[in-house]
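# Descriptive analysis of the structure
These are the residues of each chain, in order.
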Amino acid sequence: MADRNGPYFEDIDLGDEIGPVELVATDENVINFCQLWGNPMPNRFTSQEMAEASGLPSPIVPGVMSMAIMSQALTDWAGPEALKDLDLVFRQPVPHNKPLLISATVTDTRQEDGENLVECDVLMMGEAGERYVGGTALISLPSNEE
Amino acid sequence: MCDRPFWGQWRHRSILQALPFAPIILELILRRMYLDLHSHSVSSDDSRATVEQYVKWVHVLRSKRGYTIDGFVLTEHRKFDFDKDYSQLAAEYDVLIMKASELDTRYGHVLVYGVNEGLAKDIDLGDVKMDARELMKAARHHGAIAVPAHPGRFGIGLVDYMEQGEAFPDLHIVERVNGGSRAGENERADALCQEHNFLGTGGSDAHLASHLGSCVTSFPTEVRDERQLVEALLAGDFTPVWLKDTNP
(Lines give C-alpha, C1' and ligand atoms only; values in the text may rest on other atoms or scores of the structure.)
Protein backbone atom coordinates (compact mmCIF):
# COMPACT_ATOMS: atom_id res chain seq x y z
CA MET A 1 0.00 0.00 0.00
CA ALA A 2 2.91 2.35 0.65
CA ASP A 3 3.57 2.89 -3.07
CA ARG A 4 -0.04 3.85 -3.80
CA ASN A 5 -0.52 7.32 -5.35
CA GLY A 6 -4.33 7.40 -5.30
CA PRO A 7 -6.60 8.18 -2.35
CA TYR A 8 -7.67 5.82 0.42
CA PHE A 9 -11.27 5.39 1.48
CA GLU A 10 -10.59 7.19 4.76
CA ASP A 11 -9.39 10.27 2.84
CA ILE A 12 -12.75 10.74 1.18
CA ASP A 13 -15.60 12.87 2.49
CA LEU A 14 -19.02 13.85 1.17
CA GLY A 15 -18.79 16.90 -1.05
CA ASP A 16 -15.13 16.31 -2.03
CA GLU A 17 -14.42 17.42 -5.59
CA ILE A 18 -12.25 15.63 -8.16
CA GLY A 19 -10.86 17.66 -11.03
CA PRO A 20 -11.74 19.40 -13.19
CA VAL A 21 -9.49 17.68 -15.72
CA GLU A 22 -9.32 19.64 -18.96
CA LEU A 23 -8.68 18.07 -22.35
CA VAL A 24 -9.55 18.49 -26.00
CA ALA A 25 -10.81 15.72 -28.30
CA THR A 26 -9.16 16.76 -31.56
CA ASP A 27 -10.22 15.62 -35.05
CA GLU A 28 -7.16 13.38 -35.05
CA ASN A 29 -8.06 11.85 -31.65
CA VAL A 30 -11.56 11.01 -32.90
CA ILE A 31 -10.21 9.43 -36.14
CA ASN A 32 -7.76 7.34 -34.11
CA PHE A 33 -10.53 6.28 -31.75
CA CYS A 34 -12.84 5.29 -34.64
CA GLN A 35 -10.01 3.23 -36.19
CA LEU A 36 -9.42 1.39 -32.92
CA TRP A 37 -13.15 1.01 -32.36
CA GLY A 38 -13.61 -0.43 -35.86
CA ASN A 39 -16.27 2.06 -36.89
CA PRO A 40 -16.13 2.45 -40.72
CA MET A 41 -15.14 5.97 -41.83
CA PRO A 42 -16.20 8.48 -42.94
CA ASN A 43 -19.02 8.74 -40.43
CA ARG A 44 -20.85 11.45 -38.46
CA PHE A 45 -17.96 11.52 -36.00
CA THR A 46 -15.33 12.32 -38.62
CA SER A 47 -17.04 13.92 -41.64
CA GLN A 48 -18.72 17.35 -41.81
CA GLU A 49 -20.97 16.19 -44.64
CA MET A 50 -22.17 13.07 -42.82
CA ALA A 51 -22.66 15.00 -39.59
CA GLU A 52 -24.89 17.50 -41.41
CA ALA A 53 -26.82 14.65 -43.02
CA SER A 54 -27.54 13.42 -39.46
CA GLY A 55 -28.82 16.86 -38.45
CA LEU A 56 -25.67 17.85 -36.56
CA PRO A 57 -23.87 21.16 -37.13
CA SER A 58 -20.45 19.46 -37.14
CA PRO A 59 -18.84 16.08 -36.36
CA ILE A 60 -19.25 15.02 -32.74
CA VAL A 61 -17.24 12.96 -30.28
CA PRO A 62 -18.64 9.39 -30.15
CA GLY A 63 -20.57 8.62 -26.96
CA VAL A 64 -18.36 5.64 -26.21
CA MET A 65 -15.29 7.88 -26.53
CA SER A 66 -16.83 10.38 -24.08
CA MET A 67 -17.37 7.47 -21.69
CA ALA A 68 -13.75 6.42 -22.13
CA ILE A 69 -12.53 9.97 -21.46
CA MET A 70 -14.63 10.23 -18.29
CA SER A 71 -13.57 6.75 -17.13
CA GLN A 72 -9.93 7.67 -17.59
CA ALA A 73 -10.33 10.85 -15.54
CA LEU A 74 -11.71 8.71 -12.70
CA THR A 75 -9.17 5.88 -12.95
CA ASP A 76 -6.28 8.40 -13.15
CA TRP A 77 -7.48 9.66 -9.77
CA ALA A 78 -8.56 6.45 -8.05
CA GLY A 79 -6.47 3.74 -9.68
CA PRO A 80 -6.86 1.48 -12.74
CA GLU A 81 -9.17 -1.08 -11.13
CA ALA A 82 -11.24 1.27 -9.00
CA LEU A 83 -14.14 2.04 -11.32
CA LYS A 84 -17.01 -0.39 -10.75
CA ASP A 85 -19.86 1.35 -12.54
CA LEU A 86 -20.43 4.36 -14.77
CA ASP A 87 -23.99 5.43 -15.58
CA LEU A 88 -24.18 8.40 -17.96
CA VAL A 89 -26.85 10.52 -19.62
CA PHE A 90 -25.84 12.23 -22.88
CA ARG A 91 -27.47 15.67 -22.80
CA GLN A 92 -25.79 17.51 -25.68
CA PRO A 93 -23.48 16.51 -28.57
CA VAL A 94 -19.83 16.71 -27.53
CA PRO A 95 -17.86 18.88 -29.98
CA HIS A 96 -14.35 18.30 -31.39
CA ASN A 97 -11.49 20.71 -30.78
CA LYS A 98 -13.03 22.48 -27.80
CA PRO A 99 -11.98 22.27 -24.14
CA LEU A 100 -13.82 19.57 -22.20
CA LEU A 101 -13.86 19.84 -18.41
CA ILE A 102 -14.37 16.58 -16.54
CA SER A 103 -15.16 16.75 -12.84
CA ALA A 104 -16.68 14.60 -10.13
CA THR A 105 -18.24 15.26 -6.74
CA VAL A 106 -18.51 12.70 -3.94
CA THR A 107 -22.15 12.25 -2.97
CA ASP A 108 -22.00 9.15 -0.79
CA THR A 109 -19.57 6.76 0.87
CA ARG A 110 -20.37 3.33 2.26
CA GLN A 111 -18.91 -0.05 3.12
CA GLU A 112 -20.69 -2.95 1.48
CA ASP A 113 -19.76 -6.65 1.21
CA GLY A 114 -16.24 -5.87 2.38
CA GLU A 115 -15.74 -3.11 -0.17
CA ASN A 116 -15.17 0.60 0.45
CA LEU A 117 -17.46 2.32 -2.02
CA VAL A 118 -17.53 5.94 -3.12
CA GLU A 119 -20.46 7.26 -5.15
CA CYS A 120 -19.76 10.30 -7.33
CA ASP A 121 -21.62 12.59 -9.68
CA VAL A 122 -19.55 12.95 -12.86
CA LEU A 123 -19.86 15.70 -15.41
CA MET A 124 -18.34 16.66 -18.73
CA MET A 125 -18.84 20.35 -19.38
CA GLY A 126 -17.85 22.94 -21.94
CA GLU A 127 -16.05 26.19 -21.21
CA ALA A 128 -19.31 28.19 -21.17
CA GLY A 129 -20.93 25.79 -18.72
CA GLU A 130 -22.57 23.52 -21.30
CA ARG A 131 -23.45 20.22 -19.64
CA TYR A 132 -22.59 17.68 -22.32
CA VAL A 133 -22.62 14.45 -20.33
CA GLY A 134 -23.56 13.77 -16.71
CA GLY A 135 -24.14 10.78 -14.53
CA THR A 136 -22.88 8.78 -11.60
CA ALA A 137 -19.86 6.61 -10.93
CA LEU A 138 -19.24 3.95 -8.31
CA ILE A 139 -15.63 3.66 -7.19
CA SER A 140 -14.03 1.12 -4.89
CA LEU A 141 -11.08 2.34 -2.85
CA PRO A 142 -8.66 0.52 -0.56
CA SER A 143 -8.59 1.24 3.15
CA ASN A 144 -5.40 2.59 4.69
CA GLU A 145 -6.03 0.20 7.60
CA GLU A 146 -5.64 -2.91 5.43
CA MET B 1 -53.38 50.96 38.38
CA CYS B 2 -51.51 49.43 41.30
CA ASP B 3 -49.96 46.65 39.19
CA ARG B 4 -48.64 49.08 36.60
CA PRO B 5 -45.21 49.61 38.22
CA PHE B 6 -44.82 45.87 38.63
CA TRP B 7 -45.75 45.25 34.99
CA GLY B 8 -43.41 47.97 33.83
CA GLN B 9 -40.60 46.54 35.95
CA TRP B 10 -41.24 43.02 34.66
CA ARG B 11 -41.20 44.21 31.06
CA HIS B 12 -37.98 46.17 31.69
CA ARG B 13 -36.32 43.07 33.19
CA SER B 14 -37.57 40.84 30.41
CA ILE B 15 -36.12 43.08 27.75
CA LEU B 16 -32.78 43.18 29.56
CA GLN B 17 -32.77 39.40 30.00
CA ALA B 18 -33.64 38.86 26.37
CA LEU B 19 -30.95 41.23 25.10
CA PRO B 20 -28.21 38.57 24.67
CA PHE B 21 -30.64 36.56 22.54
CA ALA B 22 -31.59 39.52 20.37
CA PRO B 23 -29.53 38.41 17.33
CA ILE B 24 -31.14 34.94 17.44
CA ILE B 25 -34.65 36.40 17.87
CA LEU B 26 -33.99 38.87 15.06
CA GLU B 27 -32.74 36.09 12.82
CA LEU B 28 -35.85 34.03 13.55
CA ILE B 29 -38.10 36.98 12.72
CA LEU B 30 -36.23 37.98 9.59
CA ARG B 31 -35.32 34.44 8.53
CA ARG B 32 -36.41 33.67 5.01
CA MET B 33 -37.16 30.21 3.75
CA TYR B 34 -35.06 28.87 0.87
CA LEU B 35 -36.60 26.13 -1.25
CA ASP B 36 -35.33 24.54 -4.45
CA LEU B 37 -38.51 24.40 -6.52
CA HIS B 38 -37.22 22.20 -9.36
CA SER B 39 -35.47 18.83 -9.00
CA HIS B 40 -35.73 15.29 -10.35
CA SER B 41 -35.10 12.01 -8.56
CA VAL B 42 -34.56 8.61 -10.16
CA SER B 43 -38.35 8.49 -10.52
CA SER B 44 -37.72 10.63 -13.63
CA ASP B 45 -36.15 8.65 -16.45
CA ASP B 46 -33.22 11.04 -17.01
CA SER B 47 -32.18 11.57 -13.38
CA ARG B 48 -29.52 9.64 -11.51
CA ALA B 49 -30.11 11.06 -8.03
CA THR B 50 -31.98 9.24 -5.27
CA VAL B 51 -33.98 11.26 -2.74
CA GLU B 52 -31.65 9.98 -0.02
CA GLN B 53 -28.65 11.36 -1.93
CA TYR B 54 -30.43 14.71 -2.17
CA VAL B 55 -31.01 14.97 1.57
CA LYS B 56 -27.39 14.02 2.21
CA TRP B 57 -26.36 16.74 -0.24
CA VAL B 58 -28.48 19.28 1.66
CA HIS B 59 -26.46 18.30 4.73
CA VAL B 60 -23.22 18.98 2.80
CA LEU B 61 -24.51 22.40 1.66
CA ARG B 62 -25.54 23.34 5.18
CA SER B 63 -22.79 21.95 7.37
CA LYS B 64 -19.72 22.03 5.13
CA ARG B 65 -20.39 24.95 2.83
CA GLY B 66 -22.42 27.21 5.12
CA TYR B 67 -25.39 27.72 2.83
CA THR B 68 -29.03 27.85 3.82
CA ILE B 69 -31.47 25.50 2.19
CA ASP B 70 -34.66 24.39 3.89
CA GLY B 71 -35.99 21.93 1.38
CA PHE B 72 -36.70 20.98 -2.19
CA VAL B 73 -39.54 20.01 -4.47
CA LEU B 74 -39.37 16.84 -6.57
CA THR B 75 -40.83 17.81 -9.94
CA GLU B 76 -40.85 14.48 -11.74
CA HIS B 77 -41.25 14.41 -15.51
CA ARG B 78 -44.75 13.74 -16.89
CA LYS B 79 -46.03 12.19 -13.66
CA PHE B 80 -46.91 12.70 -10.03
CA ASP B 81 -45.79 10.15 -7.46
CA PHE B 82 -48.96 9.83 -5.38
CA ASP B 83 -47.64 6.61 -3.79
CA LYS B 84 -44.28 7.95 -2.61
CA ASP B 85 -43.89 9.13 0.99
CA TYR B 86 -40.63 10.83 1.99
CA SER B 87 -41.78 12.05 5.41
CA GLN B 88 -39.46 9.72 7.38
CA LEU B 89 -36.43 10.75 5.35
CA ALA B 90 -37.44 14.40 5.69
CA ALA B 91 -37.73 14.11 9.47
CA GLU B 92 -34.47 12.17 9.80
CA TYR B 93 -32.47 14.86 7.97
CA ASP B 94 -34.61 17.89 8.92
CA VAL B 95 -35.26 18.73 5.27
CA LEU B 96 -38.62 19.67 3.77
CA ILE B 97 -39.39 17.38 0.82
CA MET B 98 -42.36 18.23 -1.36
CA LYS B 99 -43.75 16.60 -4.48
CA ALA B 100 -44.86 18.20 -7.74
CA SER B 101 -44.65 17.57 -11.50
CA GLU B 102 -42.89 18.90 -14.57
CA LEU B 103 -45.25 18.34 -17.47
CA ASP B 104 -44.52 18.58 -21.18
CA THR B 105 -46.85 20.82 -23.17
CA ARG B 106 -46.83 22.00 -26.74
CA TYR B 107 -45.48 25.33 -25.39
CA GLY B 108 -42.65 23.94 -23.33
CA HIS B 109 -42.25 22.37 -19.93
CA VAL B 110 -44.49 23.49 -17.06
CA LEU B 111 -43.94 22.94 -13.34
CA VAL B 112 -47.15 22.16 -11.46
CA TYR B 113 -47.27 22.64 -7.68
CA GLY B 114 -50.14 21.32 -5.60
CA VAL B 115 -50.99 18.38 -7.87
CA ASN B 116 -53.92 16.36 -6.52
CA GLU B 117 -56.20 13.51 -7.57
CA GLY B 118 -58.74 15.91 -9.08
CA LEU B 119 -56.18 17.53 -11.38
CA ALA B 120 -54.73 14.16 -12.35
CA LYS B 121 -58.24 13.03 -13.34
CA ASP B 122 -58.88 16.12 -15.47
CA ILE B 123 -55.45 16.29 -17.13
CA ASP B 124 -53.45 13.48 -18.66
CA LEU B 125 -50.10 14.15 -16.98
CA GLY B 126 -48.29 12.19 -19.70
CA ASP B 127 -49.82 14.09 -22.63
CA VAL B 128 -46.84 15.87 -24.19
CA LYS B 129 -49.05 17.81 -26.62
CA MET B 130 -51.36 19.42 -24.06
CA ASP B 131 -52.03 23.15 -24.26
CA ALA B 132 -50.21 24.98 -21.47
CA ARG B 133 -53.12 27.42 -21.22
CA GLU B 134 -55.55 24.59 -20.47
CA LEU B 135 -53.12 23.20 -17.91
CA MET B 136 -52.87 26.59 -16.18
CA LYS B 137 -56.67 26.85 -15.97
CA ALA B 138 -57.12 23.27 -14.75
CA ALA B 139 -54.39 23.71 -12.16
CA ARG B 140 -56.04 26.79 -10.66
CA HIS B 141 -59.45 25.09 -10.75
CA HIS B 142 -58.04 22.28 -8.59
CA GLY B 143 -56.12 24.50 -6.19
CA ALA B 144 -52.76 23.95 -7.87
CA ILE B 145 -50.56 26.36 -9.81
CA ALA B 146 -48.71 25.94 -13.11
CA VAL B 147 -45.39 27.72 -13.67
CA PRO B 148 -43.57 27.48 -17.03
CA ALA B 149 -40.08 26.01 -16.51
CA HIS B 150 -36.91 27.47 -18.05
CA PRO B 151 -38.89 29.79 -20.40
CA GLY B 152 -35.66 31.11 -21.90
CA ARG B 153 -34.51 27.71 -23.15
CA PHE B 154 -33.55 28.01 -26.81
CA GLY B 155 -35.95 26.23 -29.16
CA ILE B 156 -38.33 24.80 -26.54
CA GLY B 157 -38.92 27.62 -24.04
CA LEU B 158 -41.99 29.81 -23.64
CA VAL B 159 -40.08 32.87 -24.90
CA ASP B 160 -39.85 31.31 -28.37
CA TYR B 161 -43.59 30.61 -28.48
CA MET B 162 -44.48 34.10 -27.25
CA GLU B 163 -42.23 35.57 -29.92
CA GLN B 164 -44.23 33.54 -32.43
CA GLY B 165 -47.39 35.32 -31.23
CA GLU B 166 -48.80 32.88 -28.65
CA ALA B 167 -50.47 34.63 -25.70
CA PHE B 168 -50.90 33.32 -22.15
CA PRO B 169 -53.39 35.64 -20.41
CA ASP B 170 -53.49 33.64 -17.14
CA LEU B 171 -49.73 33.67 -16.74
CA HIS B 172 -48.21 35.61 -13.85
CA ILE B 173 -45.28 33.46 -12.67
CA VAL B 174 -42.44 31.78 -14.59
CA GLU B 175 -39.22 30.09 -13.54
CA ARG B 176 -36.80 33.00 -13.79
CA VAL B 177 -33.59 31.26 -12.70
CA ASN B 178 -32.90 27.66 -13.71
CA GLY B 179 -29.71 25.93 -12.59
CA GLY B 180 -29.51 23.83 -15.76
CA SER B 181 -29.65 26.77 -18.16
CA ARG B 182 -27.07 27.37 -20.83
CA ALA B 183 -25.46 30.78 -21.32
CA GLY B 184 -28.09 33.36 -22.27
CA GLU B 185 -31.15 31.33 -21.28
CA ASN B 186 -31.68 32.79 -17.80
CA GLU B 187 -31.11 36.22 -19.31
CA ARG B 188 -33.98 35.58 -21.75
CA ALA B 189 -36.21 34.52 -18.83
CA ASP B 190 -35.19 37.66 -16.98
CA ALA B 191 -36.10 39.86 -19.96
CA LEU B 192 -39.47 38.06 -20.23
CA CYS B 193 -40.23 38.81 -16.57
CA GLN B 194 -39.29 42.46 -16.95
CA GLU B 195 -41.25 42.93 -20.17
CA HIS B 196 -44.46 41.32 -18.88
CA ASN B 197 -44.08 42.09 -15.18
CA PHE B 198 -44.05 38.36 -14.36
CA LEU B 199 -42.93 37.08 -10.98
CA GLY B 200 -40.06 34.61 -11.03
CA THR B 201 -39.05 31.48 -9.13
CA GLY B 202 -35.69 29.73 -8.89
CA GLY B 203 -34.85 26.03 -9.08
CA SER B 204 -31.79 23.93 -9.76
CA ASP B 205 -33.41 21.50 -12.23
CA ALA B 206 -31.07 18.98 -10.61
CA HIS B 207 -30.75 15.54 -12.17
CA LEU B 208 -27.65 14.74 -10.09
CA ALA B 209 -27.39 15.01 -6.31
CA SER B 210 -24.60 17.58 -6.31
CA HIS B 211 -26.62 19.98 -8.48
CA LEU B 212 -29.42 20.34 -5.93
CA GLY B 213 -29.82 23.83 -4.50
CA SER B 214 -27.68 25.63 -7.09
CA CYS B 215 -30.53 28.13 -7.17
CA VAL B 216 -33.56 28.37 -4.92
CA THR B 217 -36.63 30.48 -4.24
CA SER B 218 -36.69 32.70 -1.17
CA PHE B 219 -39.97 33.10 0.75
CA PRO B 220 -40.59 35.46 3.69
CA THR B 221 -43.07 33.07 5.30
CA GLU B 222 -42.79 29.48 6.41
CA VAL B 223 -43.87 26.82 3.92
CA ARG B 224 -44.59 23.39 5.41
CA ASP B 225 -46.33 21.51 2.63
CA GLU B 226 -47.51 21.64 -0.97
CA ARG B 227 -50.72 23.52 -0.10
CA GLN B 228 -48.78 26.26 1.68
CA LEU B 229 -46.35 26.38 -1.24
CA VAL B 230 -49.22 27.12 -3.64
CA GLU B 231 -50.51 29.79 -1.23
CA ALA B 232 -47.04 31.35 -0.96
CA LEU B 233 -46.71 31.44 -4.75
CA LEU B 234 -50.17 32.97 -5.13
CA ALA B 235 -49.28 35.57 -2.49
CA GLY B 236 -46.55 36.67 -4.87
CA ASP B 237 -43.90 37.51 -2.26
CA PHE B 238 -40.85 35.50 -3.35
CA THR B 239 -37.63 35.91 -5.29
CA PRO B 240 -35.19 33.60 -7.08
CA VAL B 241 -31.82 33.38 -5.32
CA TRP B 242 -28.48 31.80 -6.23
CA LEU B 243 -27.13 29.43 -3.58
CA LYS B 244 -24.15 31.68 -2.81
CA ASP B 245 -26.58 34.42 -1.75
CA THR B 246 -28.11 32.23 0.97
CA ASN B 247 -24.85 32.35 2.94
CA PRO B 248 -25.56 34.75 5.82
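Residues numbered from 1 in each chain as written. Chains lettered and ligands numbered in written order. Predicted model: local features only at pLDDT ≥ 70, side-chain atom pairs only at ≥ 80, totals over all residues.

In this section: the sheet that holds strand β5 (residues 131-140) of chain A. The strands that make up a sheet pair up through hydrogen bonds in the backbone, lying either parallel or antiparallel. Residue and element names in this part refer to chain A. Here we have 5 strands laid out as an open sheet, ordered β1-β3-β4-β5-β2, and antiparallel in their pairing. Strand pairing shows two members of the sheet lacking a second neighbour, β1 (17-24) and β2 (83-90), which therefore form its edges. Taking the axes of each pair of neighbouring strands and ignoring which way they run, one obtains an average angle of 20° across the sheet. As paired elements, β2 and β5 share 7 bridges and run antiparallel to each other. Residue pairing in the sheet places F90 in a bridge with V133 of β5. Seen against the sheet, helix α3 (residues 63-78) touches β1, β2, β3 (99-112), β4 (115-125) and β5 and runs at an angle of roughly 140° to β2. (Pairing = 2+ DSSP bridges. Helix = DSSP H or I, 4+ residues; strand = E, 2+ residues; numbered from the N terminus. Axes fitted to C-alpha atoms, helices over the stretch in contact; angles between N-to-C directions. Contact = placed C-beta atoms within 7 Å.)

Each side of the interface is counted separately: chain A has 15 residues, and chain B has 14 residues. Those elements giving two or more residues to the side of chain A that touches chain B turn out to be β2, β3 and β5 of chain A. Top element by residues in the side of chain A that touches chain B is β5(A). It accounts for 4 residues.

Moving on, we get to unusual backbone geometry. Residue and element names in this part refer to chain A. Here the residue pair G19 and P20 is connected by a cis peptide bond, since its omega of 10° sits within 30 degrees of zero. A cis amide bond links M41 to the next residue, P42, at an omega of 0°. Here P42 lies in the loop between α1 (27-37) and α2 (48-53). Even without glycine at this site, D113 takes up a positive phi of about 50°.

This next bit is on the pairing of β4(A). Walk down a regular strand and you will see the side chains alternate between the two sheet faces. Residues and elements named next belong to chain A. As judged from the 11 bridges shared by β3 and β4, these two strands associate in the antiparallel manner. Among the inter-strand pairings, D108 is bridged to a residue of β4, identified as E119. Counted along the chain from β3 to the antiparallel partner β4, the turn is 2 residues long, and its residue D113 has a positive phi close to 50°. Bridge count for β4 against β5 is 9 bridges, and the pairing is antiparallel. The partner of V118 across the bridge, within β5, is I139.

Residues and elements named next belong to chain B. With respect to topology, 7 strands assemble into an open sheet ordered β5-β4-β3-β2-β1-β8-β9, the strand pairing being mixed. Each of the sheet's edge strands pairs with one partner strand only, and the pair in question is β5 (145-148) and β9 (239-242). Strand-to-strand twist of the sheet, defined as the mean angle between neighbouring strand axes without regard to direction, takes the value 35°. Note that strand β4 (residues 108-113) and β5 share 4 bridges and pair antiparallel.

As a further point, take the domain arrangement of chain B. Examined at the domain level, chain B breaks down into domain 1 (1-30) and domain 2 (32-246). The gap between the C-alpha centroids of domain 1 of chain B and domain 2 of chain B is 41 Å. (Domains from an automatic or database assignment.)

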